[in-house]
Amino acid sequence: MLWRNTSKMKMYQFALRTCSSNIITTNSSTAADTTGKENSYNYNSQFLSANDITISEMKKYASAYMGLDRGYKPLKEPRTHLLKLLPESQDELPVRKMCDSFSTAVIPLKDDKELQEKYVTVNGNVRLGRLMEDMDVFAVWVTYKHILNPRQKPEDYSPYVIVTLLIDRMSFTSFQPKSDANIHLSGHVSWVGKSSIEVMVWAEQYVHGTWEKITRALFLTAARNSNNDGPAVVNRLMPVSESEKKIFNGGENRRKNRILRQQASLLKVVPNSEEQQVIHDLFLKTVDKRDPTIHRRTLPPDSEWMDDHVYNSIVYGHPEERNMHDKIFGGFLMRNALELAWMSAGMYSKYRPELLHISDIHFQKPVNVGSVINMHAHVVYTERNYVQMAVFADVLDPVTSHNITTNSFQYTFENPVEVYRILPRSYSDAMLYIDGRRHFQKVMRLLPKSNL
């Protein structure tokens, strides 16, 4: 749900918090029906019941909840013995409500000077890439809080592995968060499939007596089994009010739209007639129509070739950047991709750009610790004072020089002045241009309605 009014959003969050404070002692009637246990069933979560904790505490609690020891080990300890705790179908699991997963957390920038150093930008604001890292951790936490598994006793470790599949969308307000004030995260599960879970996350900051909205994001996570080699079913979600039904239906519509976008991918179908005309018009702008050879390309005024604006960064996946499952943390990749995109958009526009929207961050493959990661940013579309950036993360094999693309990211930036028009020179660049145009138009359709 996109809130136009901050007070209404706070009222909604208060209602969720009130419900979530009772989740340890109260289960739905479905839970009693499906498990034969009373409502006093203790949902093993002295950890997951906590609210308003820090992200650092959240990481420690989540590791303890999964039974993971601190410290990196090249050989991972097996978790096969936990497979027996996983349900075989959703019918075994109690139905959950949105308020069951509602959680809050604090990023304590005001009092934690060491954390403040990691978050601060050169002008005293917040590094949004760092914020994305912590929001990713928070989304996983919310997912764990949604899961109520009768097979799992209080003393058992969680048999679930939760991974981030994608960020569907993430819109930013014009408010610039400050590096010396705490950031408040809140969120809940907003839609559930069989093993996939959508999590809605808000980030806000209390400044000068007012709650300022920073962003609202939609994460899609996936539940995996304890060996992380197959899906695991999770509890169904039951909306209980009209506003919750609207939120749930929005998640279902986004699922359907993702399928439609996959079916319309430029890797599967040709551009539509309008897009083909766009490509041809761009081509005609770069050739002399009096020259029958049509291969002499000329750059029009106030334009730039796309292949002249590709920016690269090589990152090494140290164990420090791993997640709980000994893969490179997705938030680390998001931070590096965002900061590369921001710098690249600034180099292109010659101004300091403002991040407007993030859409369709995909995690196609996990990235192993010790990987060499090549991130390359492309200016794929421009219009007026907007720059659309696409970033791809490739894992490099230094021996064979083989590349595997593991992640893709789309960012929309706004500049204070109009920027030069980007033009494709090759057919592959034309496809990047059309894909970037699609993302940009989607963002522009969302913005008039988007009040986070």
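Everything here concerns the structure above.
Throughout what follows, the structure given in this document is the object of discussion. (Residues numbered from 1 in each chain as written. Predicted model: local features only at pLDDT ≥ 70, side-chain atom pairs only at ≥ 80, totals over all residues. Heavy atoms only, no water.)

Some words on the sheet that holds strand S2 (residues 103–107)
Strand order in this open sheet of 11 strands is S1-S2-S4-S5-S6-S3-S9-S12-S11-S10-S8, and the pairing throughout is mixed. Strands at the two margins of the open sheet, each flanked by one partner only, are strand S1 (53–54) and strand S8 (310–316). Alignment of strand S5 (residues 196–207) against strand S6 (residues 210–224), held across 12 bridges, turns out to be antiparallel. Among the inter-strand pairings, Ala203 is bridged to a residue of S6, identified as Thr215. Packed on one face of the sheet, helix H7 (residues 242–263) meets strand S3 (161–172), strand S4 (183–192), S5, S6 and strand S9 (354–363) and runs near 75° to S4. Strands S3, S9, strand S10 (372–383), strand S11 (386–396) and strand S12 (403–414) of the sheet are contacted by helix H10 (residues 427–446), whose axis makes an angle of about 70° with S10. (Pairing = 2+ DSSP bridges. Helix = DSSP H or I, 4+ residues; strand = E, 2+ residues; numbered from the N terminus. Contact = heavy atoms within 4.5 Å. Axes fitted to C-alpha atoms, helices over the stretch in contact; angles between N-to-C directions.)

Notes on a negative patch on the surface
There is a patch of like negative charges on the surface, built from Asp111, Asp112, Glu114 and Glu117. Positionally, Asp111 belongs in the loop between S2 and helix H5 (113–119). (Patch = residues over 30% accessible without salt bridge, like charges linked within 9 Å, V, L, I, M, F, W, Y side chains within 5 Å. Areas by Shrake-Rupley, 256 points an atom, 1.4 Å probe, with all protein chains shown as cover. Salt bridge = Lys/Arg side-chain N within 4 Å of Asp/Glu carboxyl O. Lys, Arg positive; Asp, Glu negative; His and termini not counted. Charge placed at Lys NZ, Arg CZ, Asp CG, Glu CD.)

Describing unusual backbone geometry
Residue Asn228 is not a glycine yet carries a positive backbone phi of 60°. Relative to the helices and strands, Asn228 is located in the loop between S6 and H7. Taking relative accessible area as the criterion, Asn228 reaches 24% and is therefore assigned partly exposed. (Buried < 20%, exposed > 50% of the residue type's maximum accessible area, 1.4 Å probe, protein only.)

Details of the packing of helix H8 (residues 273–285) against H10
Direction vectors running N to C along H8 and H10 enclose 125°, while the axes themselves pass 11 Å from each other. Relative to H10, the element H8 is oriented oblique. The handedness of the crossing between H8 and H10 is right-handed. Listed contacts from H10 to Glu274, Glu275, Val278, Ile279 and Leu282 of H8 are Ala430, Met431, Tyr433, Ile434, Arg437 and Arg438. (Parallel < 35°, antiparallel > 145°, perpendicular 65-115°, else oblique. Left-handed = near helix turned anticlockwise from the far one by under 90°.)

With respect to the nonpolar core
Counting residues in each nonpolar core, the largest one holds 105 residues, and the members touching the most others are Tyr160, Leu185 and Tyr411. Here this core gets 10 residues from one element, more than from any other, and that element is helix H6 (residues 128–146). (Core = buried A, V, L, I, M, F, W, Y, C linked by side-chain atoms within 4.5 Å.)

Some thoughts on the pattern of salt bridges
If charged atoms from side chains of opposite charge come close, those side chains can pair. Going through the model one piece at a time under the given rule, you end up with 18 salt bridges. One salt bridge connects Arg437 with Glu274, and the closest N-O pair in it is separated by 2.9 Å. Placement of Arg437 in helix H10 and of Glu274 in helix H8 is noted, with a sequence separation of 163 residues between them. Look at Glu274 and you get partly exposed, because its relative accessible area is 47%. Between Asp326 and Arg322 there is a salt bridge, with its nearest N and O atoms 3.4 Å apart. The class of Arg322 is partly exposed, set by a relative accessible area of 25%. Look at the salt bridges and you will find they share partners, linking Asp168, Arg169, Arg258 and Arg261 into a network.

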